[in-house]
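Here are the chains, one letter per residue:
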Amino acid sequence: MTHYTELSPQEKGKILAYMKNFNPAQIARKMGRDPTTICRFIDKYKKTGKTENLPRSGRPSALNDNEKNAHSLMKLLKIDILYDAGIHSHVAAKKPFISKRHASARISWCEKYKEKTARDWAQVIFSDESSIEIGKHGRKSVMVWGCFAGGIKGPLIFCDENKEGNEKINSNTYVRILNKHLHPFHHTVCKLTGRAASFQQDNAPIHTAKITKDWLKKNKIAIIDWPANSPDLNLIENIWKQLKDNIQSREVFPRTVGELKATLSEEWENLDCSIFEEVVVSMPQRINAVLEAKGGPTHY
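Model, not experiment: these values are computed from the prediction.

Cut-offs used in this document
Residues numbered from 1 in each chain as written. Predicted model: local features only at pLDDT ≥ 70, side-chain atom pairs only at ≥ 80, totals over all residues. Heavy atoms only, no water. Salt bridge = Lys/Arg side-chain N within 4 Å of Asp/Glu carboxyl O. Helix = DSSP H or I, 4+ residues; strand = E, 2+ residues; numbered from the N terminus. Buried < 20%, exposed > 50% of the residue type's maximum accessible area, 1.4 Å probe, protein only. Polar contact = N/O pair within 3.5 Å; in protein donor to acceptor, adjacent residues only side chain to side chain. Contact = heavy atoms within 4.5 Å. Phe/Tyr/Trp six-rings, centres within 6.5 Å; stacked < 30°, edge-to-face > 60°. Lys NZ or Arg CZ within 6 Å of the ring centre and 35° of its normal. Axes fitted to C-alpha atoms, helices over the stretch in contact; angles between N-to-C directions. Parallel < 35°, antiparallel > 145°, perpendicular 65-115°, else oblique. Left-handed = near helix turned anticlockwise from the far one by under 90°. Nonpolar A, V, L, I, M, F, W, Y, C, P; charged D, E, K, R; others polar. Core = buried A, V, L, I, M, F, W, Y, C linked by side-chain atoms within 4.5 Å. Arc of directions from axis to C-beta.

**Considering the pattern of salt bridges**
(1) Moving on: Per the stated rule, a full pass over the model turns up twelve salt bridges.
(2) Moving on: One salt bridge connects Asp-245 with Lys-241, and the closest N-O pair in it is separated by 2.9 Å. Here Asp-245 pairs with Lys-241, and both are found in helix α10 (residues 236-248), just four residues apart, close to one helical turn.
(3) Moving on: Residue Lys-241 is classed as partly exposed on the basis of its relative accessible area of 41%.
(4) Moving on: Linked through salt bridges whose partners overlap, the residues forming this network are Asp-160, Glu-161 and Lys-261.

**Here we look at the side chain of Asn-162**
(1) Moving on: Summarising the element assignment, Asn-162 is placed in the loop between β4 (152-158) and α7 (171-193).
(2) Moving on: A distance of 3.5 Å separates polar atoms of two side chains, one belonging to Asn-162 and the other to Lys-180.

**With respect to the environment of Lys-100**
(1) Moving on: Following the sequence through the fold, Lys-100 ends up in helix α5 (residues 100-113).
(2) Moving on: For the pair Lys-100 and Lys-294, spaced 194 residues apart in the sequence, the C-alpha separation amounts to 9.8 Å.

**A closer look at helix α13 (residues 283-292)**
(1) Moving on: For α13, the full list of buried residues reads Met-283, Pro-284, Arg-286, Ile-287, Ala-289 and Val-290.
(2) Moving on: Contacts from the buried residues of α13 go to α5, α6 (118-121), β2 (124-134), α10 and α12 (273-281).
(3) Moving on: Following α13 by one or two positions, Lys-294 adopts a phi angle in the positive range, close to 55°.

**Notes on the packing of aromatic side chains**
(1) Moving on: Scanning the model with the defined rule gives ten aromatic pairs in all.
(2) Moving on: Aromatic pair Trp-109 and Tyr-113: ring centres 4.8 Å apart, planes at 45°, arrangement tilted. Separated by four residues within a single helix, Trp-109 and Tyr-113 lie in helix α5, roughly one turn from each other. The two residues Trp-109 and Tyr-113 agree in class, both being buried.
(3) Moving on: Judged by centre distance (5.9 Å) and plane angle (55°), the rings of Tyr-113 and Trp-121 are tilted.
(4) Moving on: Under the relative-accessibility criterion, Tyr-113 is labelled buried at 11%.
(5) Moving on: Taken together, Trp-109, Tyr-113, Trp-121, Phe-126, Phe-148, Trp-226, Trp-240, Trp-268 and Phe-276 form an aromatic cluster joined through their ring pairs.
(6) Moving on: The positively charged end of Lys-116 is found above the aromatic ring belonging to Trp-121, 5.3 Å away from the centroid.

**Here we look at the packing of α7 against helix α9 (residues 210-218)**
(1) Moving on: Remark: α7 packs on α9, axes separated minimally by 9 Å, with the N-to-C direction vectors making an angle of 20°. Here α7 lies roughly parallel to α9, going by the angle between them. Crossing of α7 against α9: the hand is right-handed. For the pair α7 and α9, the contacting residues are Ser-171, Asn-172, Tyr-174, Val-175, Leu-178, Asn-179, Leu-182 and His-183 in the first and Ile-211, Thr-212, Trp-215 and Leu-216 in the second.
(2) Moving on: Looking at the contact of α7 with α9 residue by residue, the classes come out as seven nonpolar, five polar and no charged.

**Here we look at the nonpolar core**
(1) Moving on: Of all hydrophobic cores here, the largest spans 32 residues; its most connected members are Trp-109, Trp-121, Phe-148 and Leu-264.
(2) Moving on: Of all the elements in the fold, those that place two or more residues in this core are α5, β2, β3 (140-149), β4, α10, α11 (257-270), α12 and α13.
(3) Moving on: In terms of residue count, the dominant contributor to this core is α10 (five residues).
(4) Moving on: Setting aside its immediate chain neighbours within four residues, Leu-264 contacts Ile-132, Val-142, Val-144, Leu-156, Phe-158, Leu-243 and Ile-247.

**Regarding α12**
(1) Moving on: What α12 keeps buried is the set Phe-276, Val-279 and Val-280. Down the axis of α12, the sector holding all buried residues measures 105°, keeping them to one side.

**Here we look at the packing of α5 against α13**
(1) Moving on: Put simply, α5 and α13 touch, their axes get as near as 9 Å, and they point 140° apart. For the element pair α5 / α13, the angle class is oblique. Note that α5 runs across α13; the crossing there is left-handed. Packed against α5, whose contacting residues are Arg-106, Ile-107, Trp-109, Cys-110, Glu-111 and Tyr-113, the element α13 presents Met-283, Ile-287, Val-290 and Leu-291 at the interface.
(2) Moving on: Taken together, the residues that form the contact of α5 with α13 break down as eight nonpolar, no polar and two charged.

Given below as structure tokens:
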């Protein structure tokens, strides 16, 4: 048996934003709410146009088919998604589950590196992949790989453009990216700073595959060991969020994969080097936060 439950102003705002591209059942699944509750709210809105308890600027006068107004509503209600024509950011909003074993490993790692200064961390090339989906119906995803060291911005690479044939994005794809892009960037960092640089990557299977390890060893690129389930320690996660926030703030959203790639490249190019420097400075504080949390998740 289903029951109607009250919706908060934030939830009502989300429903109104989602209505443009999703049906009530899909909205209910996305929000984790009972479909009856969603349907009743939508029916009431369609009949009366009333949205009680929403901020005045988010009421019907700001809600129509105009994409700018829908986008303004989401910004007003602080809906943290890249959304228009079905664009979604796949940065996890929830903190990862950290087992006792992982917490212990995080503590050990932080104890090992707690004496490193921000200057030391500026010699670490932080890297990772990130994925964004686009499309109202048959969604397509764009996966990117990026890196940086200190205030030196590395390239933003589209993983699918490094595949061969019909292969999925795998360790072979990853090694091609490292060979084409990490190798010259590593050389650049060392040359510009006059110091050795190490490489950071998380424990994703394509990162720990034998072919990847062999490539790194062959090319004499030192890697820094990394604790599992530690996105709060990986500085590039903050860069991904900034990149996607910048796309979300644009007046016109990309609607195709090609447009999304062009937008991502443009916004990556526009990222100021000071943003990278700022997150590097926070690394000692992040380590202290993990130790204070006894290996648990932090606010970073």
